[in-house]
Amino acid sequence: MRILFALAGLHRIDRGAEVAFVAVASELAKAGHAVTLIGSGPARPGRPYRYVHAPAISRERFEAFPRIPLLRNETAWEEASFVPGLLAKYRPSDFDVTATCAYPFTNWALRRPAIGGGRPRHVFITQNGDWPASSNRGEFRFFDCDALVCTNPDYFERNRNRYRSALIPNGVDLERFRPGAAERGRFGLPASGPLVLMVSALIASKNVAAGIAAVAKIPHANLVVAGDGPLRNDLHKLAGELLPGRYRQLTIPAADMPGLYRSADVFMHLSTDESFGNVFVEAMASGLPVVAYDTPRTRWIVGDRAFFADRARPDSLVEAVATALEAGSQATPEMRDRAQKFSWPAIAGRYSDFFAELLQ
């Protein structure tokens, strides 16, 4: 198969969707498929797939731009800046299948016909939500695809009767993310004492402020947050008031993330509306006890042995973190075992099967 993945952030940043696309593309290319990625970052030597650069302006540059239809947030602005370069490089006749998780502009661009008619099968992947497929408001009325990859059971049940759909979660590199010795000095973290880790974009839906408030009530516990976003200054100020001297806010390369996980005692992630929390499987593969708000989608990923809190009761989050800290390394074997089902080779195999079925 000739497969194209297109997304503005590819090879420029390593967020959830970008990590997933690169991992699946790598495994598909190793399996013998002709895989191309189009993104706005530089080429990365040694990759098994073909990479094509198309320029884009990063979303951080658009954080203060106006919110208008079609350009409702900085992500949409970034995508709009990416599409002219994508259209210049994209030749529909070169591919059997195209895939993206970006809407509207990238989705529309990939569905354009080839010269002389015809086009590849287009797959939309719900890495950032199923809202384009499930909503009929505004520009979402013009959404379409030949098939839908749903990254959680909620999306699959909601869309399976409308689109040809497959339930395929994201995965994890079990060689990179694994238990091991802490590397706190490398990251400027306290050499001793309980350490809670959050890996999250600094936006309201990730509920980082609730994590700060909870850890503040646990004596001697430290909190490190790895990520960036528009709320960076507000959260730093809040932590200065509630967690003076016990808070670190980091932005580090993806290559350093396994070492950061291994340096923590507990992993906490409080988003309740993500399509799939890649960070959950990374933490599980690293052997960390997991703290999260209790939702069916989260339990589908982490199982029943995580430490769950009730979002309606802030004290329950404090209790969950404290209990997870007490459990410590006792949780490692079970978390690691749970992560095995999410290995990237297994996930990519499911993509390969679904794409093949679509072409039949």
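Cut-off values and rules
- Residues numbered from 1 in each chain as written.
- Predicted model: local features only at pLDDT ≥ 70, side-chain atom pairs only at ≥ 80, totals over all residues.
- Heavy atoms only, no water.
- Phe/Tyr/Trp six-rings, centres within 6.5 Å; stacked < 30°, edge-to-face > 60°.
- Buried < 20%, exposed > 50% of the residue type's maximum accessible area, 1.4 Å probe, protein only.
- Helix = DSSP H or I, 4+ residues; strand = E, 2+ residues; numbered from the N terminus.
- Lys NZ or Arg CZ within 6 Å of the ring centre and 35° of its normal.
- Pairing = 2+ DSSP bridges.
- Axes fitted to C-alpha atoms, helices over the stretch in contact; angles between N-to-C directions.
- Contact = heavy atoms within 4.5 Å.
- Patch = residues over 30% accessible without salt bridge, like charges linked within 9 Å, V, L, I, M, F, W, Y side chains within 5 Å.
- Areas by Shrake-Rupley, 256 points an atom, 1.4 Å probe, with all protein chains shown as cover.
- Salt bridge = Lys/Arg side-chain N within 4 Å of Asp/Glu carboxyl O.
- Parallel < 35°, antiparallel > 145°, perpendicular 65-115°, else oblique.
- Left-handed = near helix turned anticlockwise from the far one by under 90°.
- Nonpolar A, V, L, I, M, F, W, Y, C, P; charged D, E, K, R; others polar.
- Right-handed = clockwise from strand over helix to strand, strands pointing away.

A short note on the packing of aromatic side chains
Okay, step 1: This structure, assessed with the given rule, holds 18 aromatic pairs.
Okay, step 2: When the ring of Tyr 103 is compared with that of Trp 108, the centres are 5.6 Å apart and the planes differ by 80°; the resulting orientation is edge-to-face.
Okay, step 3: Overall, Trp 108 belongs to the partly exposed group, its relative accessible area being 30%.
Okay, step 4: Ring geometry for Phe 177 and Tyr 261: centres 5.6 Å apart, planes at 80°, overall edge-to-face. With Phe 177 in the loop between β7 (165–167) and β8 (195–199) and Tyr 261 in helix α8 (residues 257–262), this residue pair connects regions lying 84 residues apart in the sequence.
Okay, step 5: We classify Tyr 261 as buried; its relative accessible area is 0%.
Okay, step 6: In textbook terms, an aromatic cluster arises when at least three aromatic residues are bridged by ring pairs, as seen for Tyr 103, Phe 105, Trp 108, Phe 124, Trp 131, Phe 140, Phe 143 and Tyr 163.
Okay, step 7: Directly above the aromatic system of Phe 308 lies the positively charged group of Arg 299, at a separation of 4.1 Å from the ring centroid.

Things to note about the sheet that holds strand β12 (residues 290–293)
Strand pairing in a sheet takes place through backbone hydrogen bonds and is either antiparallel or parallel in direction.
Okay, step 1: Here we have six strands laid out as an open sheet, ordered β10-β9-β8-β11-β12-β13, and parallel in their pairing. Of all the strands in the sheet, the pair left with one neighbour each is β10 (247–250) and β13 (307–309). Direction aside, neighbouring strands of the sheet carry axes that sit 20° apart on average.
Okay, step 2: Note that strand β9 (residues 222–226) and β10 share four bridges and pair parallel. Residue Ala 226 lies in a different strand from β10, and its bridge partner there is Leu 250.
Okay, step 3: Sheet contacts for helix α6 (residues 208–216): β8, β9, β10, β11 (266–268) and β12; angle to β9, the most-contacted strand, approximately 165°.

Considerations on a nonpolar patch on the surface
Okay, step 1: A contiguous nonpolar patch, built from Leu 70, Trp 108 and Phe 142 and spanning about 270 Å² of accessible area, is present on the exposed surface.
Okay, step 2: Following the sequence through the fold, Leu 70 ends up in the loop between β3 (50–53) and α2 (74–89).
Okay, step 3: Given the relative accessible area of 32%, Leu 70 is considered partly exposed.

Details of the packing of α6 against helix α7 (residues 232–242)
Okay, step 1: Relative orientation of the contacting elements α6 and α7 amounts to 10°, with a least axis distance of 10 Å. Our classification of the angle between α6 and α7 gives roughly parallel. Handedness of the α6/α7 crossing: right-handed. Seen from α6, the contacting residues are Val 208, Ala 209, Ile 212, Ala 213 and Ala 216; seen from α7, they are Leu 235, Leu 238, Ala 239 and Leu 242.
Okay, step 2: Broken down by class, the residue content of the contact of α6 with α7 amounts to nine nonpolar, no polar and no charged.

A few points about unusual backbone geometry
Okay, step 1: Note the cis peptide between Tyr 103 and Pro 104, where omega equals 15°.
Okay, step 2: In this model, Leu 70 sits at a positive phi of 75°, which is unusual for a non-glycine residue.
Okay, step 3: In this structure, His 220 is a non-glycine residue whose phi angle is positive, near 70°.
Okay, step 4: With respect to the element layout, His 220 can be found in the loop between α6 and β9.
Okay, step 5: Residue classification places His 220 among the exposed positions, given a relative accessible area of 65%.

Quick notes on the pairing of strand β1 (residues 2–6)
Okay, step 1: Where burial is concerned, most of β1 is hidden: four out of the five residues are buried.
Okay, step 2: The pairing of β1 with strand β2 (residues 34–39) spans five bridges and is classified as parallel. From the neighbouring strand, Ala 6 faces β2, where its bridge partner is Ile 38.
Okay, step 3: For the segment spanning β1, helix α1 (residues 16–30) and β2, crossover handedness is right-handed.
Okay, step 4: With three bridges connecting them, β1 and strand β4 (residues 97–100) associate as parallel partners.

Structural notes on the environment of Arg 47
Okay, step 1: The residue Arg 47 is located in the loop between β2 and β3 in this model.
Okay, step 2: Arg 47 gets classed as partly exposed once you look at its relative accessible area, which sits at 35%.
Okay, step 3: Residues Arg 47 and Ser 26 lie 21 residues apart in sequence; the distance between their C-alpha atoms is 7.1 Å.

A look at the packing of α1 against helix α13 (residues 344–359)
Okay, step 1: Where α1 contacts α13, the axes come no closer than 9 Å and their chain directions differ by 75°. Here α1 is positioned roughly perpendicular relative to α13, judged by the angle of their axes. Along its contact with α1, which presents Val 19, Ala 20, Ala 23, Val 24, Glu 27 and Leu 28, the element α13 presents Trp 344, Pro 345, Ala 348, Tyr 351, Ser 352 and Phe 355.
Okay, step 2: For the contact of α1 with α13, the residue count by class is 10 nonpolar, one polar and one charged.

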